[in-house]
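Notes for the structure review
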Amino acid sequence: MFIAWRELGYAKGRFALLGGVIALMTLMVVLLTGLTAGLGAASVSAVTALPPGDLVFQEPAAAQKTDFATSALPPATVTALGGDPIGVSTTRMTSGDTTDAVTVLGADPALYPATETGTAPGAGQAAVTAGLNASIGDSVTLSGHTYTVTAIVDDVTFNHLPVVYVTFTDWQALARTDTASAVLVDGTAPHVPGTVAADRDTAYAAVGGYSSEQGSLTLMRVLLLGVSVLIVGAFFTVWTMQRAGDLAVVRAIGGGRGYLLRDALGQALAVLLAGAAIGGGAAAGLGALASQAVPFVLDVATVAVPVAAMVGVGLLGAAVCVRRTTTVDPLTALGAAR
Amino acid sequence: MSLIMKDVRLTYPDGDRRLVALDDVSLTVEPGEIVAVTGPSGSGKSSLLAVAGALVTAESGTVAVAGTDVTGLGQKDRDRLRRDRVGFVFQQANLLAALTALDQLLLVAHVTGAPKAAARTRAMELLDYVGLAAKAHRRPGRLSGGERQRVAVARALMGEPALLLVDEPTSALDAERGHDVIALLRDATRERRTATVVVTHDLRHLDLLDRAMEMRDGTLTPS
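All values derive from a computational prediction rather than experimental measurement.

Looking now at the overall build of chain A. A count of helices and strands for chain A gives 9 helices and 11 strands. Over its C-alpha trace chain A gives a radius of gyration of 29 Å, far above what one expects of a compact globule, namely 20 Å for 338 residues. Overall, the C-alpha framework of chain A stretches about 95 × 45 × 30 Å when taken along its three principal axes. The buried share of chain A, taken over its 338 residues, is 49%. Working note: accessible area of chain A is about 14600 Å², and carbon and sulfur atoms make up 63% of it. Side-chain charges in chain A split into 15 positive and 22 negative, and the spacing between the mean points of these groups amounts to 29 Å.

We now examine the sheet that holds strand β10 (residues 219-222) of chain B. Strand pairing in a sheet is mediated by backbone hydrogen bonds. Such pairs are either parallel or antiparallel. Residue and element names in this part refer to chain B. Strand order in this open sheet of 6 strands is β6-β7-β8-β3-β9-β10, and the pairing throughout is mixed. Each of the sheet's edge strands pairs with one partner strand only, and the pair in question is β6 (86-89) and β10. When the angles between neighbouring strand axes are averaged without regard to direction, this sheet yields 20 degrees. Sheet topology note: the strand β3 (residues 34-38)/strand β8 (residues 195-199) ladder contains 4 bridges and is parallel. Residue pairing across strands places Val 35 opposite Val 197, the latter belonging to β8. This element, helix α5 (residues 145-158), spans β6 and β7 (163-167) of the sheet and lies at about 170 degrees to β6. Its contacts with the sheet put helix α6 (residues 175-192) on β3, β7 and β8, and the angle it makes with β3 is roughly 140 degrees.

The next subject is the pairing of strand β2 (residues 84-95) of chain A. Residue and element names in this part refer to chain A. Here β2 pairs with strand β10 (residues 182-185) via 3 bridges, running antiparallel. Its bridge partner being in β10, Asp 84 is matched across the sheet by Leu 184. Judged from the 9 bridges that link them, β2 and strand β3 (residues 98-106) form a sheet pairing that is antiparallel. By the bridge assignment, Thr 94 is partnered in β3 with Thr 99. Hairpin connection from β2 to β3: 2 residues lie between these consecutive antiparallel strands, with Gly 96 at a positive phi of about 65 degrees.

Let us now look at the domain arrangement of chain A. By convention, interface size is frequently given as the accessible area that disappears when the constituent parts associate. According to the domain assignment, chain A consists of domain 1 (2-41 + 211-334) and domain 2 (54-198). With centres defined by C-alpha atoms, the gap from domain 1 of chain A to domain 2 of chain A works out at 47 Å.

A few words on the UniProt feature "transmembrane region" (unreviewed entry) in chain A. All names here are of chain A. The feature "transmembrane region" (unreviewed entry), as given by UniProt, occupies residues 15-35, 222-241, 268-289 and 296-320 in the numbering adopted here. Secondary structure content for residues 268-289 is 100% helix and 0% strand, while the C-alpha to C-alpha distance between its ends is 32 Å. As annotated, residues 296-320 comprises 84% helix and 0% strand, and the C-alpha atoms at either end are separated by 35 Å.

Next up on the list: the UniProt feature "domain: ABC transporter" (unreviewed entry) in chain B. The sites that UniProt annotates as "domain: ABC transporter" (unreviewed entry) are residues 3-223 of chain B. Spanning residues 3-223 of chain B, this segment combines 35% helix with 28% strand, and its end C-alpha atoms are found 19 Å apart.

As a further point, take the interface of chain B and chain A. Facing 28 residues of chain B, the contacting portion of chain A comprises 25 residues. Joining chain B to chain A, the criterion identifies 2 salt bridges. Summed over the shared surface of chain B and chain A, the number is 7 residue pairs in polar contact (both at pLDDT 80 or more). Of all elements in the fold, only α1 (45-52), α2 (75-85) and α3 (101-112) of chain B reach the threshold of two or more residues within the side of chain B that touches chain A. If one sorts the elements of the side of chain B that touches chain A by residue count, α3 of chain B sits on top with 6 residues. Among the residues forming the side of chain B that touches chain A, the class breakdown is 16 nonpolar, 5 polar and 7 charged.

In the UniProt entry, the feature "domain: ABC3 transporter permease C-terminal" (unreviewed entry) is given for residues 222-329 of chain A. Its end C-alpha atoms 37 Å apart, residues 222-329 of chain A is made of 81% helix and 0% strand.

It is worth spelling out the packing of helix α1 (residues 2-10) of chain A against α3 of chain B at this point. With their axes 10 Å apart at the nearest point, α1 of chain A and α3 of chain B run at an angle of 155 degrees to one another. Considered as vectors, α1 of chain A and α3 of chain B are oriented roughly antiparallel to each other. For the pair α1 of chain A and α3 of chain B, contact is made by Phe 2, Ile 3 and Arg 6 of chain A and by Asp 103, Leu 106, Leu 107 and His 110 of chain B, respectively.

All names here are of chain A. Using the criterion set out here, one finds 10 aromatic pairs over all chains in the structure. On the basis of an interplanar angle of 85 degrees and a centroid distance of 5.2 Å, the ring pair of Phe 68 and Phe 158 is categorised as edge-to-face. Within this pair, whereas Phe 68 is found in the loop between β1 (54-58) and α3 (75-81), its partner Phe 158 is found in strand β8 (residues 157-158), the two being separated by 90 residues in sequence. Each member of the pair, Phe 68 as well as Phe 158, carries the same accessibility label: buried.

Turning our attention to the sheet that holds strand β2 (residues 17-29) of chain B. All names here are of chain B. The antiparallel open sheet is built from 4 strands, whose spatial order is β2-β1-β4-β5. Only two strands of the sheet have a single partner each, and these edge strands are β2 and β5 (68-69). In terms of strand pairing, strand β4 (residues 60-65) meets β5 through 2 bridges, oriented antiparallel. Counted as the bridge partner of Ala 64 is Asp 69 from β5. Its contacts with the sheet place α1 against β1 (3-14), β2 and β4, and it is angled at close to 120 degrees to β1.

With that settled, the discussion passes to the side chain of Thr 189 of chain B. As for its position among the elements, Thr 189 of chain B is in helix α6. A distance of 2.7 Å separates the side chain of Thr 189 of chain B from the side chain of Thr 196 of chain B, its partner in a polar contact.

Attention shifts here to the pairing of strand β5 (residues 125-129) of chain A. All names here are of chain A. Burial within β5 is extensive, with 4 of its 5 residues counted as buried. Of the pairings in the sheet, the one linking β5 to strand β7 (residues 145-153) comprises 5 bridges and is parallel in character. Looking across to β7, one finds that Gln 125 is bridged to Thr 148. Examined bridge by bridge, β5 and strand β9 (residues 161-166) share 2 bridges and lie antiparallel to one another. Residue pairing for β9: Ala 127 is matched across the bridge by Tyr 165.

The rules we used
Residues numbered from 1 in each chain as written. Chains lettered and ligands numbered in written order. Predicted model: local features only at pLDDT ≥ 70, side-chain atom pairs only at ≥ 80, totals over all residues. Heavy atoms only, no water. Helix = DSSP H or I, 4+ residues; strand = E, 2+ residues; numbered from the N terminus. Rg over C-alpha atoms; globule rule 2.2 N^0.38 Å. Buried < 20%, exposed > 50% of the residue type's maximum accessible area, 1.4 Å probe, protein only. Areas by Shrake-Rupley, 256 points an atom, 1.4 Å probe, with all protein chains shown as cover. Lys, Arg positive; Asp, Glu negative; His and termini not counted. Charge placed at Lys NZ, Arg CZ, Asp CG, Glu CD. Pairing = 2+ DSSP bridges. Axes fitted to C-alpha atoms, helices over the stretch in contact; angles between N-to-C directions. Contact = heavy atoms within 4.5 Å. Domains from an automatic or database assignment. UniProt positions renumbered as here; feature names shortened; annotations may be inferred. Salt bridge = Lys/Arg side-chain N within 4 Å of Asp/Glu carboxyl O. Polar contact = N/O pair within 3.5 Å; in protein donor to acceptor, adjacent residues only side chain to side chain. Nonpolar A, V, L, I, M, F, W, Y, C, P; charged D, E, K, R; others polar. Parallel < 35°, antiparallel > 145°, perpendicular 65-115°, else oblique. Phe/Tyr/Trp six-rings, centres within 6.5 Å; stacked < 30°, edge-to-face > 60°.

Here's what the structure looks like:
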């Protein structure tokens, strides 16, 4: 990288501009990644918190897809599956003067998230997530039924709503149904006609809006990465053309094609690493602030992975363009030879 | 002999026919000898340098540089030959804009993989030799035309070449600076025992060189 470092110092403005663009693109990709993970968690963290196992749903009609909201497994099917039935519905919870939209999840207490305080609820009782405005001993009203809060559990959400846990029997009464939304089974459960089993990742798609939300945000990230490839590629195409004369001189004095290619790729990597590190660092700082107001996950996976992806795709774009360095004819250093 | 060219022929495509750039050219240059090749534009002077410096391969004839037969060498071997045995001084100096005068020389050492400390010492010695040690850390943009050409000479000498090929070194210089550069090339040739070929259409300084050849329509004859 003998030439590369010196060119970086010489053409500071141009490389700073490219580095700045890479930093901004990385900032956007990292913020979107954190937001995607945050919104995903807000959609399905209650499903993630369930014990290990597959979820069995009612088989959807041909034009429909599996959904917690539309799946209704009859009692005979639940019995045949032999797992833990789960009921899911959305309603309003009134606690004192406060009313919140909540997801009511009816299931055996063994399926609840870790309890922060209190004891597992029985009939007529409820466990609420920590984010809700209710304390142990409070009475809360769900769809006209009153329950006493006996436990505060870890803060999880379902379809962006806080969750209230009741027993499965209480949920059936509240939902005025004798069916279950899904059944949590282990790997030995028999296949029952009219049902479809889903592993955890597939089950996430059964939460309303999850797939659309994740798909839209992922598409935005992919497009940003694609634009980054084009920007980096365009810059290094022009840059390589501008210094074709210098490259011809280096070839003429005996610099091999590999020497020039390594130097050029090293230069691109240095700019990408610097830009992505600045962008990633700024995004981590903004993400830490954003996570106090919006669903945002800030961890190694949501920062390091998109930063690495940005460097990787940028290097790919640069590689395609700086490949031209290997085709420079050293004869052109002589100028008038042809 | 540092350069032996014998019956060298080179043609280039020119529409439907082939243009003869070198027509059975023969030239021998010994160590410590500096030879001028003069002639009008398009006569084949630069083609002669290109073949002698292993930038292109002759269609027929033989070319030997410092005892190595260039004919039939592959791309990588020709790169190696240029790196180890040949020094180029280009028209307009052709210095890399981003590199200081010192770095122009260190680049040669980096390409050859020479040890850093020794390379730096040699580079400073060469810059001192061409009278530019005080401007070692200036980039080409802050050097005059004559200074740039002297840096180019120092760069060409950095790899201790057996053969020094010089392309129109005075084309952008006034008479005085042109004289200085040619004198520098002559002295370097004598002291460092290189075989030097200077292609030029500038006839003002031929008295400084050992002999002159004239290229016309691809044919080389003593002038």
